[in-house]
Every structure is written in structure tokens, then in C-alpha cells.
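# Descriptive structure summary
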Amino acid sequence: MIVMLGMKHLYVINNSNAQYGVNTYIRQLLEVFKGGVGCLITLVNWGSTVSEVTVGYKNGIRFINIPYVHPKVYVKEEKIYQSVGYIILSYLNYDEYNVFHYNYFSDYNLAVFIKSRVSNSRHILTVHYLRWGTLLNGNVEYYRSILSKKVRSKFEQDIYEEYIKERVFCDIVDCVICLSEFTSRLLKEDYEISPKKVVLIYNAIKMIDDDKPCEFLFKSKNKIILYVGRIEENKGITFLIAAFKRVLKSVPDSYLVIIGDGNYDIVYREIINIWDHVILTGKLSQKLLCRFYEIADVGVLPSLNEQCSYAIIEMLLHGLNVITTNALGLSEMVEKENRVDIHYYKQGIAFPIDVLAEKILNNILFSHKEKIKENVIYSFDSFRAKMIDLYLNI
């Protein structure tokens, strides 16, 4: 019996408590959808602050907002995802060709539930982050040793079980989107995922044109070192501050600008005696953020665990030289001379703060900004074309 399906309908699953990168990713998908992609679009926001399920439409996209359900309401986590799944299915047209796009490994139970009830559906997973990368500070060799061990500590066993869950999720979906070549290789080699279902699509961002002049009170002799992102230990923020202290000794007119929110305490305890040279702005609007990109002398993101940073993409598109690390996918984003190589050993890391300080000095004293007209790898047009092709052909 041949079942004829109607219009293709894409359901993008988002958690309203999404991390920075995932939120930006969803916004870029919405930019893709604005131009039309040849199929119906529904964005599911679950974990929303609404008090009841709401449905709305904007720019031809349907939005389903599902309120946050506290885990204590249900005995098992699976029941939460089952509840969310039933809500989604209540808005589903089973005569359509339904495609579901997940953005969190934690959505595994939701995917299993939907997959078991919607025949002829297709399922996509974007790998935005790998939890072991955070727990092990990106130490791949230690990670691989955990996978090969017969006897593990409780900490290592938790990581191993997380690996099994991630691998199973990748197995049950029809396509896995990776944001870096590193992750693509890792899934094929360590997770043993079929190369046929692994797709590499780099992040991209649609830039906002804003020709308004900057009105900040920096002087022309000031050197601006810019960090953009969430403030947390695994972003290397404490290493950056330590390196900046060394830079200050050589360039006393320099300033470290930290844009983003998070754990401010880890910054406050590190900047005693240099308060007047460190500026914390909190999270800024995109237009104001772009102003900082324009006046900064160098961007620095010394992260220990990241795939394809939106902050780095934005900095590059504004002509900033960017210093980052060899962690996971970051080493693919910058030239070797602006990469700080973290040294990994059995169960830890050594971060060369002196090397980071030297690279910052070289950039603020000798480098010049040159705006990039087009970057094929991180081009929004390329991202849009690849996403549309994937959605239409899966």
C-alpha cells in the first residue's frame, strides 16, 4: 500500500531556557524561514513562561508555546516529554510529511515518543555541544580513555552513560547536523554514526547594517580587548584576565571589555587592583554589540570547549583579528598565529597564559583591521542554502 503524503511540515523544537548559542541558532533559522523554504514551518517553544499553551503566527511561521513543567510534577522525566509530545501531536496534521528538528540531546525521550506515533516522519538533530567537553575541559584523550576503560570511577561512569545516550539519539534520527569538522569526525569515529547521516553545516549569522557613529568615551590611544559570550569557567575567562594583567604592564592604556552575562563572581575575584581597566556591560542588544566590534582592537575567546562560535564569526565579519584556542572546533576558525594551544595531559589541562598575553600584545600593537567582504564558510547565504536543501530533501 502506497501512502501519499501532503505538504512537508517542519517542526523546530526549541527549549525556552536555551543556551546562548542555541538561541542564536534558532534566530538564524527564523531568518532562513522568512524568505520561504518551500514547506510549512512550526517553531515549538517548550519550557516557556506562558501559563497555558498558546499558538500564534508571524511571518508565515506558526509558534506553539508550551509552559514549563516542573520535574517534581512527574515521577519520571519521560512523562514530561510524553506530555510535551502529546501537545505537539494535537496540532499535527498526519496527512502532511512531518519533519522534526531537535537541538538538545535532552530531547531524546521526546523524539522517541514522536517517532513511535508519527509514521513516515523524519528527524534531525543538531549537535550544539557535547557535555563531556564541558566536564573534561575539552580533553579528548581523557574522554577516549574513559570510553575504553573496563573499570571507571563514578564521575567517569556518568560520562560514559551520557555518551551512550548521545550515541543512541544520533542512531535513531535520520540526519545529524555538526557545526565543526571536529565533531563530524568524532561522531563518525568515536560514536560510530553512519557517515551518510552526518552533515557539516557551519554556523552563520545575518548581520545588521548600522552606520551610526560610536559614542563611547574611549580615547584614540586606548587599546580595546573584547570578550563576548557567557561568563563561565570553561570559556577561559579567568585565563583571559590573567593574560590581560600582563598586557597592562606593557600597554597601560588598554581596556578589557567583557560583554555577556553569567557568573560575574569569577570575574570580580580576579580583577582586584585592575577594576578601572575592566568593563562589564552585561548582555547587549545586537546593534550596540556591533558598535563594540567596530572600536575593538582584538577579540579574544580562550574557550576550553566550543564548536563554532557565533561571537568569533561576528568578530571576523567586522574585521577583528580573533585569538582563540585549539579546543574542539575552535581551531578550525582562526589562523595558527592567533591560536593558543592548550596542553592536555592524562586528566587535566595546562593553559599557556604567557602565550595568550603575547598574542594579545602582538595584535593590539601591530595588527590592522580589515573588514571581510565575504566569508564563504560562515556566509549566511551558504547556511541558508544548505539548510533549505536539507529540509527539502530529507
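In what follows, the structure referred to is the one given above.
Here the structure is a predicted model, which is why all the values come from computation and not from measurement.

A few words now on the overall build of the chain. What the chain contains, in helices and strands, is 13 helices and 16 strands. For the chain, the spread of C-alpha atoms along the three principal axes comes to 75 × 55 × 40 Å. A buried classification covers 52% of the 394 residues belonging to the chain. A total accessible area of about 19000 Å² is found for the chain, and carbon and sulfur atoms account for 50% of it. In the chain, the 46 positive side-chain charges and the 44 negative ones have mean positions that sit 2 Å from each other.

Moving on: the pattern of salt bridges. A full pass over the atoms with the stated rule returns 14 salt bridges. The residue Lys 206 makes a salt bridge to Glu 31 at a minimum N-O spacing of 3.7 Å. You can see Lys 206 sitting in the loop between β8 (198-200) and β9 (223-228) and its partner Glu 31 sitting in helix α1 (residues 20-34), a full 175 residues away along the chain. When its relative accessible area of 45% is taken as the criterion, Lys 206 is described as partly exposed. On the accessibility criterion, Glu 31 (23% relative accessible area) is partly exposed. With its nearest N and O atoms 3.1 Å apart, the salt bridge here joins Arg 230 to Asp 261.

Here we come to the packing of aromatic side chains. One pass over the full model with this rule turns up 19 aromatic pairs. Arranged with centres 6.1 Å apart and planes meeting at 45°, the rings of Phe 33 and Tyr 391 form a pair that is tilted. Placement of the pair is Phe 33 in helix α1 and Tyr 391 in helix α13 (residues 380-393), with a sequence separation of 358 residues. Accessibility expressed as a relative area gives 1% for Tyr 391, which makes it buried. Here Tyr 143 and Tyr 163 contribute two aromatic rings whose centre-to-centre distance is 6.4 Å and whose plane-to-plane angle is 80°, an arrangement assigned as edge-to-face. Remark: Tyr 163 occurs in helix α6 (residues 154-172) and Tyr 143 occurs in helix α5 (residues 140-148); sequence separation between them is 20 residues. Given a relative accessible area of 0%, Tyr 143 falls into the buried group. Ring-pair connections join several aromatic residues into one group, and the members of that group are Trp 132, Tyr 143, Tyr 160, Tyr 163 and Tyr 191.

Over its 14 residues, helix α2 (residues 77-90) extends 21 Å from the first C-alpha to the last, a length consistent with the 20 Å expected when each residue adds 1.5 Å. Regarding α2, the residues found buried are Ile 80, Tyr 81, Val 84, Gly 85, Ile 87, Ile 88 and Leu 89.

The next thing to look at is the nonpolar core. Counting residues in each nonpolar core, the largest one holds 91 residues, and the members touching the most others are Leu 29, Phe 33, Ile 177, Ile 225, Leu 226, Ile 360 and Phe 383. Beyond its immediate sequence surroundings of up to four residues, Leu 226 is in contact with Val 257, Ile 259, Phe 292, Tyr 293, Ala 296, Val 298, Gly 299, Val 300, Met 315 and Leu 320. In terms of nonpolar packing, the next biggest core, distinct from the first, is built from 45 residues, Tyr 102, Val 140, Cys 178 and Tyr 191 among them.

Conventions and cut-offs
Residues numbered from 1 in each chain as written. Predicted model: local features only at pLDDT ≥ 70, side-chain atom pairs only at ≥ 80, totals over all residues. Heavy atoms only, no water. Helix = DSSP H or I, 4+ residues; strand = E, 2+ residues; numbered from the N terminus. Buried < 20%, exposed > 50% of the residue type's maximum accessible area, 1.4 Å probe, protein only. Areas by Shrake-Rupley, 256 points an atom, 1.4 Å probe, with all protein chains shown as cover. Lys, Arg positive; Asp, Glu negative; His and termini not counted. Charge placed at Lys NZ, Arg CZ, Asp CG, Glu CD. Salt bridge = Lys/Arg side-chain N within 4 Å of Asp/Glu carboxyl O. Phe/Tyr/Trp six-rings, centres within 6.5 Å; stacked < 30°, edge-to-face > 60°. Expected span 1.5 Å × (residues − 1). Core = buried A, V, L, I, M, F, W, Y, C linked by side-chain atoms within 4.5 Å. Contact = heavy atoms within 4.5 Å.

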